[in-house]
Amino acid sequence: MLSIKDLQVNIGDKSILKGISLDINPGEVHAIMGPNGSGKSTLSHVLAGKDGYTITGGSIEIEGQDLAEMAPEKRAREGLFLAFQYPVEIPGVSNIYLLKAALNAVRLHKGLSEVDALDFLTLVKEKIKLLGMDEKFLYRSVNQGFSGGEKKRNEILQMAIMEPKMCILDETDSGLDIDALQIVAAGVNSLRSESRSFLMITHYQRLLDYIVPDVVHVLSDGQIVKTGGPELALELEQKGYGWIGQEA
Amino acid sequence: MASAVSSLEKYVEEYDEIKSTLPGQELDWLVQLRRQGLDQFSTQGFPTIRNEDWRYTNVTPLIKKSFQSVVVKPSIAVMPEQMHDYYVPDCWQVVIVDGHFSKTLSKLDGLPEEVVVMALSDALIKCPDKVKRYLGQAVENEDHGFIHYNTAWFSEGLFVWIPQQVKMKQPLQLVHVVTQENVATATRNLIVAEAGAEGMVIESYFGSQAQAYLTSSISEVFIAENAHLTLYKLQNEASKALHCSGIYSRQEKHSSFNYLDFSFGGLMARNELHVNVGFAAACDLNGLFVGRGRQHIDNHTSIEHLQPRGSSRELFKGILDGRARGVFQGCVKVFEDAQKIDSEMHNHNLLLSDNAEIDTKPQLIIYADDVKCAHGVTVGQLDDASIFYLQSRAVSEEDAKDMLTFAFANEMVEKIKVSGFKSYILALLLQRFPQGSIEKEWL
């Protein structure tokens with residue numbers, strides 16, 4: 001699904017990612033853990049196509065297509081989705097309008113017709129229930145005045161509507177209380193399938209109790225220093241990140 | 001400078017030729033008022049950038065064209081179907097084409113009998129005393145060339161008089177259309193809401209076929225005790241037109257004035273708005289100006305609180321693309337006896353290109369000591385983080401920019417309380433941001 005080879009990324013002259021390689025197969029859930037400043041967010045931004053980063057080496061491919069050459073909207077249409085750590089507030093653009101615009105852009109890219117208004121409403125109402133959100137959120141401006149938890153749920157709602165192939169969750173657990181975390185995790189779990197892959201970027205092990213990964217990577221100073229199963233996350237939780245560096 | 005003088009002379013020379021055709025020749029007071037206007041115009045001419053209030057807006061190059069008063073040109077017959085695009089649904093209409101009232105194009109069926117709505121030229125024949133009570137009263141302390149020009153030259157206008165306690169059930173639209181090239185039109189509107197009355201008026205200015213022309217329009221608005229007036233204005237002139245308008249309102253106690261201005265057209269537009277707020281009266285003034293190409297749109301507003309307990313709200317938003325230039329000058333003046341005033345003035349601007357420009361100048365002049373006055377101004381571009389966020393949701397960069405620009409404008413559209421006018425403005429805005437993805441969901 002997603003294949004990253006020896007990816008090197010700079011911000012200005014500063015090297016942030018120093019050769020990352022990662023293969024995620026369809027249906028797999030990977031987690032990337034790492035201390036602050038290890039390059040976790042840079043990785044998610046580069047995958048989604050945000051400006052301000054220079055790829056100095058390596059490659060990123062989604063299903064064999066070169067991702068680095070694609071505009072962010074093209075990546076989204078090809079099925080890559082980033083759930084933001086800090087979702088942006090957009091006053092004046094209603095949530096339901098964005099959901100529909102997003103879905104239609106994806107459908108048109110696939111050669112499908114625009115979604116029928118009634119079908120769309122049925123779909124949205126079904127998904128919003130899944131995330132325990134009130135329908136009134138649909139008619140509010142995107143993320144404006146939403147609490148931290150509401151914003152994260154809204155990200156998952158967008159994901160559920162767009163039905164991407166490759167989902168990147170950037171610190172989705174940050175700022176969530178335990179109830180909200182459970183709802184968000186249940187939403188994500190309901191989207192797990194054999195053809196859909198996930199990459200979860202997180203500082204803490206907590207999220208992984210609810211969304212159990214197949215593979216855990218540890219990112220430190222721009223490099224993956226260790227890869228293992230879910231048990232690696234528990235080990236990190238107990239010992240902290242300090243021992244990884246020593247061992248390497 | 002020499003050319004400015006000679007163009008002024010051309011305007012003044014023309015006056016002798018046209019004055020006998022202007023309405024109200026048999027009314028001494030009006031003849032005298034017009035003569036004063038002419039005298040002052042002859043001395044001052046049109047304002048130049050040496051005048052502090054006009055330093056950002058230079059009309060001299062456009063005025064040099066010596067637009068010819070429309071009254072000396074024969075009116076071209078306009079077919080009702082040509083007007084279709086200008087009518088806002090569910091409104092009464094008074095139509096002025098090339099400075100002349102058109103009875104056949106106007107629609108006033110079902111207007112309550114007690115409400116007086118007619119062309120100003122008719123009002124000067126049928127109820128001259130009523131006109132005399134108001135004409136020139138709201139602009140009496142104002143002093144610039146366009147007002148004097150308008151007073152001397154006006155050929156027509158809208159006269160609205162809503163008697164005490166009468167509530168107009170639907171809006172009245174003034175449809176002002178210019179169809180001829182290189183003409184000057186001058187109209188004077190009088191809008192009067194007597195005590196406890198309620199009314200809604202939409203002033204709309206269009207150019208059809210003609211490209212370059214001058215529209216001079218002055219509206220004097222009188223809102224008596226406990227009366228509530230809503231005034232919307234749409235300026236959608238032709239692409240080379242010069243539009244100079246002024247709204248001057250006088251509010252008595254416990255009255256309210258809601259004003260909403262949409263300025264989209266013309267090569268150069270100067271929109272003046274002067275409000276005098278009475279005791280415990282409230283005004284809510286809003287505007288949206290959208291410029292592109294080489295358009296220049298100047299909003300010059302002033303709010304005067306002479307009495308205590310008044311409140312004023314003002315929000316103007318500008319969107320400028322290409323080499324367009326916008327101006328916002330807002331002045332709130334609170335006089336010594338006007339205690340307990342609550343006033344807020346805001347101007348937010350969105351610059352869509354590196355060459356677009358905004359000059360914004362909010363001003364508070366306060367002589368009273370117990371008042372609450374706030375003001376704020378922002379100038380910005382579309383937010384990169386928001387554009388990226390929308391792109392990450394499969395929306396193209398172009399669509400994302402249009403969406404965000406439209407969202408910025410939409411706050412002002414949402415303020416429109418008349419659904420017909422709201423749809424009308426939305427349709428005009430959507431022409432400006434033509435991405436197919438922005439559609440009826442906004443309606």
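One structure accompanies this document, and this report is about it. It should be emphasised that the depicted structure is a prediction, and the values quoted were computed from it without experimental measurement.

Definitions and limits used
- Residues numbered from 1 in each chain as written.
- Chains lettered and ligands numbered in written order.
- Predicted model: local features only at pLDDT ≥ 70, side-chain atom pairs only at ≥ 80, totals over all residues.
- Heavy atoms only, no water.
- Helix = DSSP H or I, 4+ residues; strand = E, 2+ residues; numbered from the N terminus.
- Rg over C-alpha atoms; globule rule 2.2 N^0.38 Å.
- Buried < 20%, exposed > 50% of the residue type's maximum accessible area, 1.4 Å probe, protein only.
- Contact = heavy atoms within 4.5 Å.
- Areas by Shrake-Rupley, 256 points an atom, 1.4 Å probe, with all protein chains shown as cover.
- Axes fitted to C-alpha atoms, helices over the stretch in contact; angles between N-to-C directions.
- Parallel < 35°, antiparallel > 145°, perpendicular 65-115°, else oblique.
- Left-handed = near helix turned anticlockwise from the far one by under 90°.
- Nonpolar A, V, L, I, M, F, W, Y, C, P; charged D, E, K, R; others polar.
- Salt bridge = Lys/Arg side-chain N within 4 Å of Asp/Glu carboxyl O.

### Examining the overall build of chain A
Then, in step 1: Per the secondary structure count, chain A includes nine helices and twelve strands.
Then, in step 2: Radius of gyration (C-alpha) of chain A: 18 Å, near the 18 Å computed for a compact globule of 248 residues.
Then, in step 3: For chain A, with 248 residues in total, the buried portion stands at 53%.
Then, in step 4: Within chain A, contacts between residues at least 6 apart in sequence are counted, and of these 68% link residues at least 24 apart.
Then, in step 5: For chain A, the accessible area works out to roughly 10500 Å², and carbon and sulfur atoms hold 47% of it.

### Thoughts on the environment of Asp28(B)
Then, in step 1: Relative to the assigned elements, Asp28(B) resides in helix α2 (residues 28-44).
Then, in step 2: Asp28(B) sits in the exposed class, given a relative accessible area of 64%.

### Overview of the packing of helix α3 (residues 95-109) of chain A against helix α4 (residues 117-130) of chain A
Residues and elements named next belong to chain A.
Then, in step 1: Viewed as axis vectors pointing N to C, α3 and α4 meet at an angle of 115°, and their least axial separation amounts to 11 Å. Classed by the angle they form, the pair α3 and α4 counts as roughly perpendicular. Judged by the twist between their axes, the crossing of α3 over α4 is right-handed. In this structure, α3 uses Ile96, Leu99, Lys100 and Leu103 to contact α4, whose residues at the interface are Ala117, Phe120, Leu121, Leu123 and Val124.
Then, in step 2: Here the residues of the contact of α3 with α4 sort into eight nonpolar, no polar and one charged.

### As for the pattern of salt bridges
Then, in step 1: Under the defined criterion, the tally for this structure stands at 22 salt bridges over all chains.
Then, in step 2: Between Lys125(A) and Glu135(A) there is a salt bridge, with the nearest N and O atoms lying 3.8 Å from each other. Residue Lys125(A) is found in helix α4, and its partner Glu135(A) is found in the loop between α4 and β8 (141-142); the two are separated by ten residues along the sequence.
Then, in step 3: You can call Lys125(A) partly exposed: its relative accessible area is 30%.
Then, in step 4: When the shortest N-O distance is used, the salt bridge between Glu155(A) and Arg393(B) registers 2.6 Å. Here Arg393(B) lies in the loop between α8 (384-391) and α9 (397-413) and Glu155(A) lies in helix α5 (residues 148-162), a pairing that spans two chains.
Then, in step 5: Judged by its relative accessible area of 1%, Glu155(A) falls in the buried class.
Then, in step 6: The network of salt bridges with shared partners includes Glu52(B), Arg55(B) and Lys361(B).

In short, geometric facts, not functional conclusions.
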